[in-house]
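Structure assessment
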Amino acid sequence: SQQKPKPISIPTPYGKVPVNTALLLSSSWIPSHPSTRMITAVIDSTTNLLGLPPFAPLILTIDNIPRQWYDTKKNNNNNMTYNYERLADLEEYTNRLFQKYLLPSSNSLHRKIHILPSLKHMHIAGSVMKGLQLLEVHYPTAEYLYYLQHDFCFIQPIDHATLVDIFSKYYPEKVNY
């Protein structure tokens, strides 16, 4: 029988707090790129998760542009070419996110934000799987996950601490859905 990993604890002014919750935020190319305004709004809205430790890791996935947005013209090798304007916007968007969130001290929440760009279009499911794989390796004690999308914010307070207590008490083994 495989034993559960010991919780990773992070020293805080309140003592050592286990890393048992993570956030996964997926984004993709949208017409407002290269603006990071929407992503910033979603990240800032996580302050509505009352009791969520400010150092809970956040994985931010960036999906590449869909294949149907490739240019339809063929190059000399009879291969389809990218729409370079959209790729340039996606590249600038990615760079702006790295500049804004690469270092924990560069964001007001002091949250550890991992930016995970994709080299190909993976859709939401592929982006989520890629983020979960990173969580499994680097945060194996994360038992709870908030899945966020680039255009949906938390608009009112949610008692995260109570949710964790309820799931720990009534669903101690695991939650499937």
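First, a word on scope: everything that follows refers to the structure included in this document. (Residues numbered from 1 in each chain as written. Predicted model: local features only at pLDDT ≥ 70, side-chain atom pairs only at ≥ 80, totals over all residues. Heavy atoms only, no water.)

Topic: the pairing of strand β7 (residues 144-149)
Every second residue of β7 is oriented toward a common face, the buried set being Tyr144, Tyr146 and Leu148 and the non-buried set Leu145, Tyr147 and Gln149. As judged from the 6 bridges shared by strand β3 (residues 21-27) and β7, these two strands associate in the parallel manner. Bridge pairing in β7 places Leu24 opposite Tyr147. (Buried < 20%, exposed > 50% of the residue type's maximum accessible area, 1.4 Å probe, protein only. Helix = DSSP H or I, 4+ residues; strand = E, 2+ residues; numbered from the N terminus. Pairing = 2+ DSSP bridges.)

Describing the packing of helix α1 (residues 37-45) against helix α2 (residues 84-101)
For the pair α1 and α2, the least separation of the axes is 11 Å and the interaxial angle reads 35°. Crossing angle aside, the handedness with which α1 passes α2 is right-handed. Side by side, α1 and α2 meet where Ile39, Thr40 and Ile43 of the first sit next to Tyr93, Leu97, Lys100 and Tyr101 of the second. Its residues placed into classes, the contact of α1 with α2 shows 5 nonpolar, 1 polar and 1 charged. (Axes fitted to C-alpha atoms, helices over the stretch in contact; angles between N-to-C directions. Left-handed = near helix turned anticlockwise from the far one by under 90°. Contact = heavy atoms within 4.5 Å. Nonpolar A, V, L, I, M, F, W, Y, C, P; charged D, E, K, R; others polar.)

Quick notes on a nonpolar patch on the surface
A contiguous nonpolar surface patch, about 250 Å² in accessible area, is contributed by Met129, Leu132 and Leu145. Counting through the fold element by element, Leu145 comes out in strand β7. Judged by relative accessible area, Leu145 falls into the partly exposed class, the value being 39%. (Patch = residues over 30% accessible without salt bridge, like charges linked within 9 Å, V, L, I, M, F, W, Y side chains within 5 Å. Areas by Shrake-Rupley, 256 points an atom, 1.4 Å probe, with all protein chains shown as cover. Salt bridge = Lys/Arg side-chain N within 4 Å of Asp/Glu carboxyl O.)

Section: the pattern of salt bridges
Note on pairing: side chains with opposite charge can pair once their charged atoms come close. Following the criterion strictly, the structure yields 1 salt bridge and no others. Across the pair Arg96 and Glu92 runs a salt bridge whose closest N-O atoms are separated by 2.5 Å. With a gap of 4 residues between them, Arg96 and Glu92 both fall in helix α2, about one helical turn apart. Judged by its relative accessible area of 33%, Glu92 falls in the partly exposed class.

A word on α2
Helix length check: α2, at 18 residues, gives a terminal C-alpha distance of 25 Å against a target of 26 Å (1.5 Å per residue), a fit within 8%. The set of residues buried in α2 consists of Leu87, Leu90, Tyr93, Thr94, Leu97 and Tyr101. Angular distribution of buried residues about the axis of α2 spans 120°; they occupy a single face of the element. Looking at α2, the residues exposed on the side facing more than 90 degrees away from the buried face are Tyr84, Glu85 and Gln99. (Expected span 1.5 Å × (residues − 1). Arc of directions from axis to C-beta.)

Some thoughts on the nonpolar core
Membership of the largest hydrophobic core comes to 23 residues, with the highest contact counts inside it found for Leu23, Leu25, Ile39, Leu60 and Leu97. Those elements that place two or more of their residues in this core are β3, α1, β5 (58-62), α2, β6 (113-117) and β7. Sort the elements by how many residues they give to this core and α2 lands first, with 5 residues. Here Ile39 is in contact with Leu25, Ser27, Leu60, Tyr93, Leu97, Tyr101 and His150, once residues within four sequence places are set aside. (Core = buried A, V, L, I, M, F, W, Y, C linked by side-chain atoms within 4.5 Å.)

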